[in-house]
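These are the residues of each chain, in order.
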Amino acid sequence: MKVLYAIQGTGNGHLSRARDIIPILLKKDIELDLLLSGTQADIDIPYPVKYQFQGLSFIFGKKGGVDLWKTYIRANSRRLQKEIKSLPIEDYDLIINDFEPVSAWACKLKNKPCISVSHQAAVLMKGSPKPHKPDPLGHLILRRYAPTTKQYGFHFSNFNPSIYTPVIRQDIRNAKVEVRNHYTVYLPSYSDEKILKMLSKVPDATWEVFSKHNKELVTRGNVTIKPITNDAFIASMAMSLGVLCGAGFETPAEALFLRKKLLVIPMKGQYEQQCNAAALKKLGVPVMRSLKTKHLRRIKKWIANDTRVVVNYPDLTEEIIDTVLSENLKPR
């Protein structure tokens, strides 16, 4: 039985989850191929990738949101259509999709089932928290970006019977947790200069900032900018007093699992992150609208408060994959 696992390569979250899911799939009685599309990831997967596509990526800006112009420039529709048509989707008995558009649209064009195993599936499900301000376009983009026929979702809590708690990678589960004197920061949609300017105004705290924009280590006063690597980021987060990050999914989930206090800033114009912020706020995590001086007191208040949100994220990854395979992989 042939299975295609298609992974979104924009950002690090999908690949982090894949690094735990792939070894489980390889243990099963299947023939597994991997597809990866997208850009702007800082980690790789140590397994052979059969199909590598540019796909359709949202490009991070440096002012707290998506760079719409760069996203548009790189969204070559002719190239994307060629990628979709070139994929021999009919060769597979099961397509597992983590928010990956090439395989999703290839399945749709050939009327083939496509099974979503992703966080985005959970965000769209009934019962998942949504922002107070409606965003019909953002909701439409999230729903149509990688259309699937059946969904298994991951979220910060079981907001729906079809939603599982996050896949916490083994690197995090096995990390040595301590409490030292620094805060870990990951805000890839802001420039290093913007982050430095803001955090230097909180001199009572020590900040370790992981950057997508800088390949050199830079220290200015109480703020250190580091190029992001998997091991360094995990070590920093596991030994931190707390984590300041965007309202993505994997990093906040990992911070919660590590029992770190958490403050999130959702990306502007990014519907999924606005939904994540609503979900985290429901759990008791503080949310800051943007990295601006007028919100500085929120950071200082967060530092002064030692409240942590308690979660229970058991290791159910193999159980989930077994469910997906048993419910969707039919004998030829």
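Here's a quick rundown of the structure. (Residues numbered from 1 in each chain as written. Predicted model: local features only at pLDDT ≥ 70, side-chain atom pairs only at ≥ 80, totals over all residues. Heavy atoms only, no water.)

Quick look at the nonpolar core
Our working rule: Residues belong to one nonpolar core when they are buried, are Ala, Val, Leu, Ile, Met, Phe, Trp, Tyr or Cys, and are joined through side-chain atoms within 4.5 Å. Partly exposed residues are those whose accessible area sits between 20% and 50% of the maximum for their type, while under 20% is buried and over 50% is exposed, using a 1.4 Å probe and protein chains only. The numbering of helices and of strands both runs from the N terminus, where a helix is a DSSP run of H or I of at least 4 residues and a strand a run of E of at least 2. In what follows, a contact means two residues having at least one pair of non-hydrogen atoms within 4.5 Å.
Residues Tyr-5, Leu-25, Ile-96, Leu-256 and Leu-262 are the most contacted members of the largest nonpolar core, which totals 60 residues. Per-element accounting of this core gives the leading share, 6 residues, to helix H1 (residues 13–27). If we ignore the near neighbours within four places in the chain, the residues touching Leu-25 are Tyr-5, Ile-30, Leu-32, Ile-96, Ile-321 and Leu-325. Core analysis: the next-biggest nonpolar cluster, separate from the first, contains 23 residues, Phe-53, Cys-107, Tyr-145 and Cys-275 among them.

A look at unusual backbone geometry
The backbone phi angle of Asn-111 is positive, close to 55 degrees, even though this residue is not glycine. Take Asn-111: it is sitting in the loop between helix H4 (101–109) and strand S5 (115–118). Classification of Asn-111 by relative accessible area gives exposed; the value is 72%. Although it is not a glycine, Arg-259 sits at a positive phi angle of roughly 65 degrees. Tracing the backbone shows Arg-259 in the loop between helix H10 (250–257) and strand S13 (261–265). According to the relative accessible area criterion, Arg-259 is partly exposed, its value standing at 39%.

Section: the pairing of S5
We apply this condition: Pairing between strands is defined by DSSP: at least two bridges between the two strands are required. By convention a crossover is right-handed if, when the strands point away from the viewer, the path from the first strand over the helix to the second runs clockwise.
On S5, burial covers both faces: Ile-115 and Val-117 on one face and Ser-116 and Ser-118 on the other are all buried. Two elements, strand S4 (residues 94–98) and S5, share 2 bridges in a ladder whose sense is parallel. Bridge pairing links Ile-96 to Ile-115 in S5. As a crossover connection, the stretch from S4 through H4 into S5 is right-handed.

Here we look at the sheet that holds S4
Note the cut-off: Whenever a helix is involved, its axis is fitted only over the stretch in contact; in every case the axis is a line through C-alpha atoms, and angles between N-to-C directions fall within 0 to 180 degrees.
With parallel pairing, the 7 strands of this open sheet are ordered in space as S3-S2-S1-S4-S5-S6-S7. Two strands lie at the open edges of the sheet, namely strand S3 (51–53) and strand S7 (163–164), each paired on one side alone. Where strand S6 (residues 150–154) lies against S7, 2 bridges are found, and the strand directions are parallel. What sits directly across from Phe-154, in S7, is Tyr-164. On top of the sheet, H4 reaches strand S1 (2–8), strand S2 (31–37), S3 and S4; it is set at about 135 degrees to S4, its chief contact.

Points about the packing of aromatic side chains
Two aromatic rings are characterised by how far apart their centres lie and by the angle between their planes. Short version of the rule: Under the pairing criterion, centres of Phe, Tyr and Trp rings, with the six-membered ring standing for Trp, must be within 6.5 Å; the plane angle then separates stacked pairs below 30 degrees from edge-to-face pairs above 60, leaving the rest tilted.
Across all of its chains, the model carries 8 aromatic pairs by this definition. Measuring from ring centre to ring centre gives 5.3 Å for Phe-210 and Phe-233, while their planes differ by 90 degrees; the resulting arrangement is edge-to-face. Of the two residues, Phe-210 sits in strand S9 (residues 206–211) while Phe-233 sits in helix H9 (residues 230–238), which places them 23 residues apart along the sequence. Relative accessible area serves as the criterion here: at 2%, Phe-210 is assigned to the buried category. One aromatic cluster is present, built from ring pairs that chain together Tyr-183, Trp-207 and Trp-302.

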